[in-house]
Amino acid sequence: MKHDSDRTLVISLGRNGRASYPERPWEDIEPVLRRMWEFDGRLRAWHDVRAEVQAAWRASDDLAPPRARRDFERSRAA
């Protein structure tokens, strides 16, 4: 399973992680995502996919409607 299917899982993990924890920063949620990833021992090592998961996590911010993104940024600043 250490092939192209990992890419789909990486993107899903990042996007779903962001959707599940929209107010939480990456640093708080990374350990949770890592445990989820490492649960299946057939996948590539976390250090090999971490940057890709984080990129998918951050890309989810870009997909949010502008108003939702502004509201989120405003709530984080408070």
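Note that this is a predicted model, so its numbers are computed, not measured.

Undergrad: Break down the overall build of the chain for me, citing the residues and quoting the values.
TA: A tally of helices and strands in the chain yields four helices and zero strands. Start at the N end of the chain and walk to the C end: the helices and strands fall as α-α-α-α. Across the chain, every contact between residues at least 6 apart in sequence was considered, and the portion connecting residues at least 24 apart equals 66%. Summed over all atoms, the accessible surface of the chain reaches about 5,500 Å², with 52% contributed by carbon and sulfur.

Undergrad: Break down helix α2 (residues 26-38) for me, with residues and values.
TA: For the α-helix, the turn length of 3.6 residues means that residues three or four positions removed from each other point alike. Taking 1.5 Å of rise per residue, the 13 residues of α2 would be expected to cover 18 Å, and the 17 Å separating its terminal C-alpha atoms lies within 8% of that figure. Those residues of α2 not exposed but buried are Trp-26, Ile-29, Glu-30, Leu-33 and Trp-37.

Undergrad: Kindly report on the environment of Leu-13, identifying the contributing residues and their values.
TA: Its location among the elements puts Leu-13 in helix α1 (residues 4-20). We classify Leu-13 as buried; its relative accessible area is 11%. The spatial distance from the C-alpha of Leu-13 to the C-alpha of Met-36 is 8.5 Å, given a sequence separation of 23 residues. The residues touching Leu-13, leaving out its near neighbours within four places in the chain, are Leu-33, Met-36, Trp-37, Trp-46 and Val-53.

Undergrad: Break down the pattern of salt bridges for me, citing the residues and quoting the values.
TA: Under the criterion given, the structure shown has seven salt bridges. We note a salt bridge from Arg-24 to Asp-28, for which the minimum N-O separation is 3.7 Å. Here Arg-24 falls in the partly exposed class, since its relative accessible area comes to 37%. Among the residues examined, Asp-28 registers a relative accessible area of 39% and is labelled partly exposed.

Conventions adopted
Residues numbered from 1 in each chain as written. Predicted model: local features only at pLDDT ≥ 70, side-chain atom pairs only at ≥ 80, totals over all residues. Heavy atoms only, no water. Helix = DSSP H or I, 4+ residues; strand = E, 2+ residues; numbered from the N terminus. Contact = heavy atoms within 4.5 Å. Areas by Shrake-Rupley, 256 points an atom, 1.4 Å probe, with all protein chains shown as cover. Expected span 1.5 Å × (residues − 1). Buried < 20%, exposed > 50% of the residue type's maximum accessible area, 1.4 Å probe, protein only. Salt bridge = Lys/Arg side-chain N within 4 Å of Asp/Glu carboxyl O.

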